[in-house]
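Take a look at the letters that make up each chain.
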Amino acid sequence: MHKLNSVARGFTLIETVVALSVLALGVAGIAQLRHTAYRHITVTQEVQEASYFANTHLAALSSNDASPKAAAGVQSGEYPRGSEANPYPWTLTLTPLDEKALQPELLSLSTKVRPLNASLSVWVDQGVRELRFHTLLLLDPIEQKESAQPKPELRLTK
């Protein structure tokens, strides 16, 4: 005798298709999440590397050795990267501070140092994002009169 109300065992075709669709959506979501995370990590590494170059550049400008090179104006260039990567383009704007902008007690400072406002822009993420760095440089004043005696040169010998 056969039972008319037998319990079916296994999955129907519709249940299998629905389960595979949910699984496919989950895998696609995880793949997209992984791609986005990798992209953010890459951009973060670029920002860190470009920030290091910019901070080193600004620190070199404030040293006494670079004082003659730090003239008011706009400079540009590229920070090198690895062999296969694009370099980081940068633009440096040096503007002298107006003596009127200095407080009265600091006016005498302008005869002892040369204050410059330094604005450095570096582009990362294939030129899409701009990083901006600003600092105040207090450099030695440019001497109006050169002394008659030549300055001694330092030479390194082996």
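See above for the structure.
Heads up: these notes are all about the structure in this document. Here the structure is a predicted model, which is why all the values come from computation and not from measurement.

**Focus: the pairing of strand E3 (residues 114–124)**
So, point 1. Burial analysis of E3 places eight of its eleven residues in the buried class, which makes it a mostly covered element.
So, point 2. Pairing of strand E2 (residues 88–96) with E3, which is carried by seven bridges, proceeds in the antiparallel orientation. Looking across to E3, one finds that tryptophan 90 is bridged to valine 122.
So, point 3. As defined by bridge partners, E3 adjoins strand E4 (residues 129–139) across eleven bridges and the pair is classed as antiparallel. Counted as the bridge partner of valine 122 is leucine 131 from E4.
So, point 4. Counting the residues that bridge the hairpin from E3 to E4 gives four residues, and of these aspartate 125 lies at a positive phi of roughly 55 degrees.

**Considerations on the pairing of E2**
So, point 1. In this structure, strand E1 (residues 73–79) lies alongside E2, joined through seven bridges in antiparallel fashion. In the sheet register, tyrosine 79 faces E2, and the bridge partner there is tyrosine 88.

Conventions we followed
- Chains are numbered independently. Their residues run from 1 in the order of the written sequence.
- The model is predicted, so local features are restricted to residues of pLDDT at least 70 and side-chain atom pairs to those at 80 or more, both for listing and for counting; the totals for chains, interfaces and linings are taken over all residues.
- Here the side-chain values reflect all heavy atoms present in the structure, with hydrogen atoms and water set aside.
- Three exposure classes are used, based on accessible area relative to the maximum for each residue type with a 1.4 Å probe and protein chains only: buried under 20%, partly exposed in between, and exposed over 50%.
- Secondary structure counts use DSSP, requiring at least four H or I residues in a row for a helix and at least two E residues in a row for a strand, with both numbered from the N terminus.
- When DSSP locates at least two bridges between a pair of strands, those strands are taken to pair.

Interpretation note: all reported values are geometric properties and have no functional meaning in isolation.
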